[in-house]
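Take a look at the letters that make up each chain.
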Amino acid sequence: RRQNARIMNDQELDGKWTEPYTWSPRQRRKALSLIVLTVQNSLLTLTMRWSRTKQNGSPYLASEAVVMSEVCKALLSLCFAALATDRNRFHRPNFFTRYFAATRDAYAERGSYVLLVPAALYAIQNNLQYLAATHLDPAAFQLLYQMK
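Residues numbered from 1 in each chain as written. Predicted model: local features only at pLDDT ≥ 70, side-chain atom pairs only at ≥ 80, totals over all residues. Heavy atoms only, no water.

Once that is clear, we can look at the packing of helix H2 (residues 25-53) against helix H6 (residues 138-147). Two elements in contact, H2 and H6, have axes separated by 10 Å at closest approach and are oriented at 130°. Relative to H6, the element H2 lies oblique. Viewed along their axes, H2 and H6 form a crossing whose handedness is right-handed. Side by side, H2 and H6 meet where Asn41, Ser42, Leu44, Thr45, Leu46, Met48 and Arg49 of the first sit next to Pro138, Phe141, Gln142, Tyr145 and Gln146 of the second. In the contact of H2 with H6, the residues fall into six nonpolar, five polar and one charged. (Axes fitted to C-alpha atoms, helices over the stretch in contact; angles between N-to-C directions. Helix = DSSP H or I, 4+ residues; strand = E, 2+ residues; numbered from the N terminus. Parallel < 35°, antiparallel > 145°, perpendicular 65-115°, else oblique. Left-handed = near helix turned anticlockwise from the far one by under 90°. Contact = heavy atoms within 4.5 Å. Nonpolar A, V, L, I, M, F, W, Y, C, P; charged D, E, K, R; others polar.)

Below, the discussion takes up the side chain of Asn126. Along the polypeptide, Asn126 turns up in helix H5 (residues 116-135). The class of Asn126 is buried, set by a relative accessible area of 10%. With residues up to four places along the chain from it excluded, the contact list for Asn126 reads Val66 and Glu70. (Buried < 20%, exposed > 50% of the residue type's maximum accessible area, 1.4 Å probe, protein only.)

Generally speaking, soluble globular proteins have nonpolar side chains that are buried together. Counting residues in each nonpolar core, the largest one holds eight residues, listed as Met48, Ala62, Ala65, Val66, Tyr130, Ala133, Phe141 and Tyr145. Elements represented by at least two residues in this core include exactly helix H3 (62-84), H5 and H6. Tallying contributions element by element places H3 first for this core, with three residues. The residues touching Tyr130, leaving out its near neighbours within four places in the chain, are Met48, Arg52, Tyr60, Ala62, Ala65 and Val66. (Core = buried A, V, L, I, M, F, W, Y, C linked by side-chain atoms within 4.5 Å.)

Moving on to the confidence of the model for the chain. Model confidence for the chain is summarised by a mean pLDDT of 78, while 79% of its residues fall at 70 or above. Per-element confidence in the chain ranges from a low mean pLDDT of 56 for helix H1 (residues 10-13) to a high of 88 for H2. (pLDDT = per-residue confidence, 0-100.)

What follows is the structure, encoded as structure tokens:
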């Protein structure tokens, strides 16, 4: 249905913009997510650049950082999978039983091995990201990183 648009005069607009705008809980969550992701990406860029270019200490290999971040992500995701599994499924419903069952189930499916190709490409991309953070200034790196 198409509505007719009309121009409002000053008297009609007076009461419309004086009331404070209230955000719904969904809009608040969206705004908070946007703010957190913006801060996280900015801090990631700055800390990556700082850690790669600082003068004191020995430099680390980018591949070590990538492997350690992937191991941490795998452990966290398996912990979340263990917490999400049903406790009644096992005769001993402790966390470690569910953790090892989630690990076994994650690698038991045939389709899970197809994900090795994107995972390898992602690891290469992360290594190149560390290389770019070393050689570019933070503003250029952030701009190019957001354009990917």
